[in-house]
Amino acid sequence: MRSTLWAFAITLCCLGSPAEAAGIQLLDADPALSGAIWYPCAAEPTHVELGRLSVPTVDRLEGAKDCPVAGAKLPLVIISHGNSGYFALHLDIIEALANAGFVVAAINHPGNNTNDMSARGMSVWASRPVHMVRLLDFMLQEWKDRDAIDPAKVGFFGFSLGGFTGLVLAGGRPDFRRFAPNCKEENKSTVCEELHAGRFPADPPHDARIKAAAIVDPAVSFSFTPENLAGIGIPLQVWRSELGGGGVNAAGVAYVTRSLPGKPDIHVVSAGHYAFLPPCTPTLAAYRPQVCTDPQGFDRTAFHREFDAAVVEFFREQLGGR
């Protein structure tokens, strides 16, 4: 699992260009639903102060706060960030989807986000799908503008540990016991202590309401196999890096990608794990060069134009949207 230190810096890079048509409603009343909802809106964007949702270096976003939702029967995409990330980490993707006519909802995973890394052990992995089921319940059953959503058109986007989350929600069954060979005697991690004690979490939930998923360089330390991935039956767009890094093993991701059932739309990127995060500012590049350094000749800015467009097109084909 990656250190939290880079997450404090990575937030600097995530303020994309102002959304053309993104309304924003903040979610800050419930720690289990701490984040924001973006959606099509006719109002002009301004600065939206984050208040208690602020993270180091980021205290505002661009958008039209609490403006009326423009449209009806809109598709919904829920977002799951990586280890120690936060709800707006993938702001370029979020804005692109909102501008394309999607409702987008993203939360901080409780106990595993930039401001709170209190969760430990296998619960970090097992609880994440539970968080996203709760978010989807809220969006379809409790959100004040839920009538604007078409409940038959729900998608998922997840990066790193969020990618693992998506594979589980789509029908994958992680076998936590398969991590045991990595627990050498000198490894004193909470995960290994739990494994040695025979304490395993309950199987995390799937969610049949999700009809398509974009899985980005998933963290798959608890190995999947072709057998426990066989339950996935929805369309997948899968992105993986050739070089890995940041706690993600490129060979392991490649194996899982090959093991997926059906015919997923697979993209292999000639860069490392962090290339899927938005382009860095000069300040961030100086502060955390390992997050911002790409292979020679790789243009992260140009890649994200293609990446964002491809993700939007995938969800448009699978779920609709303008």
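You'll find the structure just up there.
Residues numbered from 1 in each chain as written. Predicted model: local features only at pLDDT ≥ 70, side-chain atom pairs only at ≥ 80, totals over all residues. Heavy atoms only, no water.

The next subject is the packing of helix α2 (residues 91-99) against helix α10 (residues 300-319). The interhelical angle for the contact between α2 and α10, taken along N-to-C directions, is 45 degrees, at an axis separation of 10 Å. Taken together, α2 and α10 sit at an angle that is classed as oblique. Pair α2 / α10 crosses with right-handed handedness. Here D92, I93, A96 and L97 of α2 come into contact with α10, specifically with H304, F307, D308, V311, V312 and F315. Each residue belonging to the contact of α2 with α10 can be placed in one class, and the counts come to 7 nonpolar, 1 polar and 2 charged. (Axes fitted to C-alpha atoms, helices over the stretch in contact; angles between N-to-C directions. Helix = DSSP H or I, 4+ residues; strand = E, 2+ residues; numbered from the N terminus. Parallel < 35°, antiparallel > 145°, perpendicular 65-115°, else oblique. Left-handed = near helix turned anticlockwise from the far one by under 90°. Contact = heavy atoms within 4.5 Å. Nonpolar A, V, L, I, M, F, W, Y, C, P; charged D, E, K, R; others polar.)

Under the counting rule described, the total for this entry stands at 1 cavity of 30 Å³ or more. Its boundaries defined by the atoms lining it, the largest cavity holds a volume of some 30 Å³. Lining the largest cavity, in full, are L167, I215, P218, V238, V256, T257 and L260. Here the lining of the largest cavity is composed, by residue class, of 6 nonpolar, 1 polar and no charged. (1 Å grid on protein atoms, 1.4 Å probe; cavity = no way out; pocket = protein on both sides within 12 Å on 5 of 7 lines; lining within 4 Å. Points joined across faces, edges and corners; volume = space filled by probe spheres on them.)

Below, the discussion takes up the environment of H304. Along the chain, H304 falls in helix α10. With 42 residues separating them along the chain, H304 and G262 place their C-alpha atoms 27 Å apart.

Summed over all chains, the structure comprises 3 disulfides. Residue C41 pairs covalently with C67 via a disulfide, S to S 1.9 Å. Here the residue C41 occupies a position in the loop between β2 (33-40) and β3 (46-49), and C67 occupies one in the loop between β4 (60-65) and β5 (74-80), the gap between them amounting to 26 residues. Under the relative-accessibility criterion, C41 is labelled buried at 7%. Across the disulfide, C183 is cross-linked to C192 (sulfur-sulfur distance 2.0 Å). An S-S torsion of about -85 degrees defines the bridge between C183 and C192 as left-handed. Since its relative accessible area comes to 10%, C183 is described here as buried. Among the residues examined, C192 registers a relative accessible area of 0% and is labelled buried. Cysteine pairing in the protein follows 1-2, 3-4, 5-6, where each cysteine in a disulfide is numbered by its order in the sequence. (Disulfide = S-S within 2.5 Å. Buried < 20%, exposed > 50% of the residue type's maximum accessible area, 1.4 Å probe, protein only.)

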